[in-house]
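# Remarks on the overall topology
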Amino acid sequence: MLPERICRLDELASNLWWSWHPQARELFRRLDYPMWRITGHNPVKQLREIEPAKLEAAAADPRFTSMYDSVMAHFDTDMAASNSWFTTRYGEALPGPVAYFSAEYAIHNSLPIYAGGLGVLAGDLCKEACDLGLPFVAVGFMYPQGYFHQHISADGRQVELYRQLDFDEAPVNPILAPDGSRSLVQVQLDDKTLHIGVWQVRLGSVNLYLLDTNVEENPPACRELTARLYIAEREQRIQQEMLLGIGGVRVLRVMGISPSVWHANEGHTAFMMLERIREEVQDNKVTFTEAVERVRANTIFTTHTPVPAGHDVFRGELVERYFGDYWPSLGLDRQTFLGLGRDDGAGGQGFNMSALALRLSGRHNAVSKLHSEVSRRMWQGLWPGTRAEEGLRSTYVTNGVHMPTWVAPEMLRLYQKYVGDDSRDLMEAQDDPELWQRILQIPDEEFWQVHQLLKRKLMGIMHERAQQRWADGDISAEQVVAMGTLLHPEVLTIAFVRRFTEYKRPALIFHDVERLKRLVRHPLQPVQIIFAGKSHPADTASKDLLQRVYTMAKDRGFRGRIAFVEDYDMHMAHYLVQGVDVWLNVPRRLQEACGTSGMKASMNGVLHLSVPDGWWHEGYNGANGWVVGSDSAADVAEEDRADAEALYSLLENEIVPLYYAMDRSGVPHGWVSMVKEAIRSVMPVFCARRMVKEYTERMYIPAARSPVPTP
Ligand SMILES: *Cc1c(COP(=O)(O)O)cnc(C)c1O
């Protein structure tokens, strides 16, 4: 029981709004700092385990209660959203909320239902929708086992560990049917009727509903269907996507939510459009063609993958089996139905979820300028007879990242002090380029102090983890070194931190091992490199790459200056994007749709060193980081050679000398001025606030208002 004076702490703990508001975090921190750390910053768990005496003490402490009052007032303002950007500007422009569908969401570590970038984007978008006061509701999956945790064995193999989520300790609440049962809706999967339960996650005024098949109405074999994320097995995958798309629409309906706009994040969610067509045909008695027009009018689809192999495709036979009873309800025959997922453009076989989504959405977008060019070419075949630039409409909305989530609180305070002014809140004005001109007012010394603090913090965490694994007794001394215990905060630190997959080229920097060793071992101006990232469990080629990198980390020739951080996730991502000097990004040309980790790094004053791909194609301005490589390469081997060569010479001739050009007190002024240019140019453009405003103004409001242009 909470003391009366602070009785709303429960409410605050169960709304993840706290996670991106520094003062709310501070509140839980102050309540019981050791417990805050032990629970991994999980206030739901903290409040369950805290000693009552500590609560009583907090309730009697005027400093605590005044902070509590201020946090709750801020919380209530955000919940009401009456003075928000959206309400002030657009009032009733959206008669119902935007319904956002995504297969994963990365919001906070206490809710591990994401695998990577796509989830982070979805989570950031929801948080920003809340900050802007946009009417918004999100639909996804509860994966009780989530994505795997990663350990690396002594010989560098990835070990995958699955942990069951403890629902009592997670910020989720079950939604119950009027009869008190967990089953809210049903979906027919081949010969089985599956029951779906729903968990509610609160993100300020935005609700996220997570679908779950682990309800007692389902036979045990079906309860595991949603246990894990991105299973490779196709049949289970189509079942998951049917549950999400079809079940998701039904869930919103039973809860009485009437969206005015529907937004599908990536092809996994496209069955949502079919279900709405079925509703029109069956409930409103319109023809299929009319139903498609109605659905297209207020449906938005965002594609994220520039590589054909990255799109979700199901064998025709599988689709026939699962939709054989469904297409008659759309008023369709087999051939017309299967034609909805045909991909003539890329020449692929089977039922393509992106092709389906493109046909059934009136507005669609790519996630960066370059990606939109690639996508238009890729999907040209879907609209025979049109020119490439006419096919894929609405071009692109470049991704952005949620500033309060990703910028270190220490940095935010510095920005607040020098960039913010009394008349405007820094958070409110974060997407105003004018404001960030003032970044030059931060004294170099002060910036460098904060940056070094964040570097030490990162290394401290790495040491702590290594120490724990060492104490547990399951790793060798060599592995302790590979975990980064010999890193030094004064040394120029480069990070290669991202999903391990072939096209991202994690081992590119080892192209010429001897040349790299000279850089790393330089007596006066050494370099150290931190790696982190997971391989998909079914991707053996990328697991081999991971092993190669790990072998380098153990190689004494590198003096312990190559480290591999296990189990890359959102929590570790915070320390990494905030605590290194250079963020390395070297995917093969045109394969990265956008990328967002480099934006997080730049906003924290970590310089981006990247191929001119994805967001960097539009973000690089010649002075805010570096571009490596060019697009002249003839084949893959030549591309690797040329890019590695370019990378080494940049490091040797520009990056290392610039970093070590320090004054007597150890401040590298040239470096810091480049950092300021990075913050100034990246922050207002690549923040989620710019992105969500763009979605709202260019997609959501027009979709809610007007019929869609015909293809
Ligand atoms: C930001 C982020 C990503 C996305 O990074 P990319 O630049 O797309 O590689 C992936 N995983 C985590 C945990 C992140 O925080």
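Residues numbered from 1 in each chain as written. Predicted model: local features only at pLDDT ≥ 70, side-chain atom pairs only at ≥ 80, totals over all residues. Heavy atoms only, no water.

## Some remarks on the overall build of the chain
If you tally the helices and strands in the chain, you get 30 helices and 19 strands. The C-alpha radius of gyration computed for the chain amounts to 25 Å, which stays within 12% of the reference 27 Å derived for 711 residues, consistent with globular compactness. The dimensions of the chain, computed from C-alpha atoms along their principal axes, are 80 × 70 × 55 Å. Going through the 711 residues of the chain one by one, you find that 61% of them count as buried. A separation of at least 24 residues holds for 74% of the contacts in the chain among residues at least 6 apart in sequence. When the accessible surface of the chain is totalled, it reaches about 26,600 Å², and 50% of it is carbon and sulfur. Considering the chain, the positive charge centre built from 75 side chains and the negative charge centre built from 91 side chains are found 2 Å apart. (Helix = DSSP H or I, 4+ residues; strand = E, 2+ residues; numbered from the N terminus. Rg over C-alpha atoms; globule rule 2.2 N^0.38 Å. Buried < 20%, exposed > 50% of the residue type's maximum accessible area, 1.4 Å probe, protein only. Contact = heavy atoms within 4.5 Å. Areas by Shrake-Rupley, 256 points an atom, 1.4 Å probe, with all protein chains shown as cover. Lys, Arg positive; Asp, Glu negative; His and termini not counted. Charge placed at Lys NZ, Arg CZ, Asp CG, Glu CD.)

## A short note on the domain arrangement of the chain
Taken domain by domain, the chain comprises domain 1 (4-80), domain 2 (85-399 + 693-705) and domain 3 (426-685). Using C-alpha coordinates to define each centre, domain 1 is positioned 34 Å away from domain 2. Overall, the association of domain 1 and domain 2 removes approximately 1,400 Å² of surface from exposure, summing both partners, and the carbon and sulfur fraction of that is 59%. Among the residues of domain 1 in contact with domain 2, Ser-14, Leu-16 and Trp-20 are the three that bury the most area, contributing 41% of the side total. There are one salt bridge connecting domain 1 and domain 2. Between Lys-45 and Glu-169 there is a salt bridge, with the nearest N and O atoms lying 3.6 Å from each other. Linking domain 1 with domain 2 are five residue pairs in polar contact (both at pLDDT 80 or more), by the criterion used here. Those elements giving two or more residues to the side of domain 1 that touches domain 2 turn out to be α4 (43-49) and α6 (62-80). In terms of residue count, α4 provides more of the side of domain 1 that touches domain 2 than any other element does, four residues in total. (Domains from an automatic or database assignment. Buried area = accessible area lost by both parts, 1.4 Å probe. Salt bridge = Lys/Arg side-chain N within 4 Å of Asp/Glu carboxyl O. Polar contact = N/O pair within 3.5 Å; in protein donor to acceptor, adjacent residues only side chain to side chain.)

## So, the pattern of salt bridges
Any two side chains of opposite charge can pair, so long as their charged atoms come close to each other. In this structure the tally under the stated criterion is 49 salt bridges. Residue Arg-294 is joined to Glu-290 by a salt bridge in which the shortest nitrogen-to-oxygen separation is 3.1 Å. Taken together, the positions of Arg-294 and Glu-290, both in helix α12 (residues 288-297) and four residues apart, correspond to about one turn of that helix. The exposure class of Arg-294 is partly exposed, given its relative accessible area of 36%. Put simply, Arg-588 and Asp-640 hold a salt bridge, and the shortest N to O gap is 2.8 Å.

## As for the pairing of strand β6 (residues 185-189)
Where burial is concerned, the two faces of β6 differ: the one with Val-185, Val-187 and Leu-189 is buried and the one with Gln-186 and Gln-188 is not. As judged from the five bridges shared by β6 and strand β7 (residues 192-203), these two strands associate in the antiparallel manner. Bridged to Gln-188 within β7 is Thr-193. Counted along the chain from β6 to the antiparallel partner β7, the turn is two residues long, and its residue Asp-190 has a positive phi close to 55°. (Pairing = 2+ DSSP bridges.)

## What to know about the site of the ligand
Lining the immediate surroundings of the ligand are 14 residues, of which Trp-406, Lys-504, Thr-596, Ser-597 and Lys-600 lie closest. Thr-596 places a polar main-chain atom, nitrogen or oxygen, 3.1 Å from an oxygen atom of the ligand. Between the ligand and the protein, one listed contact pairs an oxygen atom with a side-chain N or O atom of Ser-597 at 2.6 Å. Taking 390 Å² as the accessible area of the ligand by itself, protein coverage stands at 93%. Within the shell around the ligand, the residues separate by chemical class into five nonpolar, five polar and four charged. Domain assignment of the residues forming the shell around the ligand places at least three in each of domain 2 (85-399 + 693-705) and domain 3 (426-685). (Near = heavy atom within 4 Å. Nonpolar A, V, L, I, M, F, W, Y, C, P; charged D, E, K, R; others polar.)

## Observations regarding helix α5 (residues 52-60)
Turning to α5, its buried residues are Leu-55, Ala-58 and Ala-59. Taken down its axis, α5 places every buried residue within 100° of arc, on the same side. Away from its buried face by more than 90 degrees, α5 exposes Ala-53 and Ala-60. Buried residues along α5 sit in contact with α2 (22-31), α4 and α6. (Arc of directions from axis to C-beta.)

## Brief notes about empty space enclosed by the protein
For the structure on display, the rule yields three cavities of 30 Å³ or more. In this model, the largest cavity occupies a volume close to 80 Å³. In this structure, the largest cavity is lined by Ala-103, Phe-141, Tyr-143, Tyr-230, Arg-237, Gln-240, Glu-241, Leu-244 and His-268. A total of four residues in the lining of the largest cavity trace back to one element, the largest contributor, which is helix α10 (residues 234-254). (1 Å grid on protein atoms, 1.4 Å probe; cavity = no way out; pocket = protein on both sides within 12 Å on 5 of 7 lines; lining within 4 Å. Points joined across faces, edges and corners; volume = space filled by probe spheres on them.)

## Points about the environment of Leu-16
With respect to the helices, strands and loops of the structure, Leu-16 is situated in the loop between α1 (9-13) and α2. Leu-16 gets classed as buried once you look at its relative accessible area, which sits at 0%. With 91 residues separating them in the primary sequence, Leu-16 and Ile-107 have C-alpha atoms 8.0 Å apart. Every residue in contact with Leu-16, bar those within four places of it in the chain, is listed here: Ile-107, His-108, Ser-110, Leu-111, Pro-171, Val-201, Arg-202 and Leu-203.

## Side note on unusual backbone geometry
Unusually for a residue other than glycine, Lys-285 sits at a positive phi of about 55°. Counting through the fold element by element, Lys-285 comes out in the loop between α11 (271-283) and α12. For Asp-567, which is not glycine, the phi torsion reads 55° and is therefore positive. Looking at the element boundaries, Asp-567 is found in the loop between β16 (562-565) and α25 (570-579). Assessed through its relative accessible area of 12%, Asp-567 is described here as buried.

## Details of helix α23 (residues 513-520)
For α23, the set of buried residues is Arg-515, Leu-516, Lys-517, Leu-519 and Val-520. Buried residues in α23 make contact with β15 (527-532) and α28 (636-660).

## Remarks on the sheet that holds β15
In space, the six strands of this open sheet follow the order β16-β15-β14-β17-β18-β19, with parallel pairing throughout. Whereas interior strands pair on both sides, the edge strands pair on one side only; in this sheet they are β16 and β19 (625-627). Taken pair by pair, the neighbouring strands of this sheet meet at an average axis angle of 20°, ignoring direction. Strand direction decides the pairing type here: strand β17 (residues 582-585) and strand β18 (residues 607-610), joined by four bridges, are parallel. Bridge pairing in β18 places Asn-585 opposite Ser-610. On top of the sheet, helix α29 (residues 669-682) reaches β14 (492-497), β17, β18 and β19; it is set at about 80° to β18, its chief contact. (Axes fitted to C-alpha atoms, helices over the stretch in contact; angles between N-to-C directions.)

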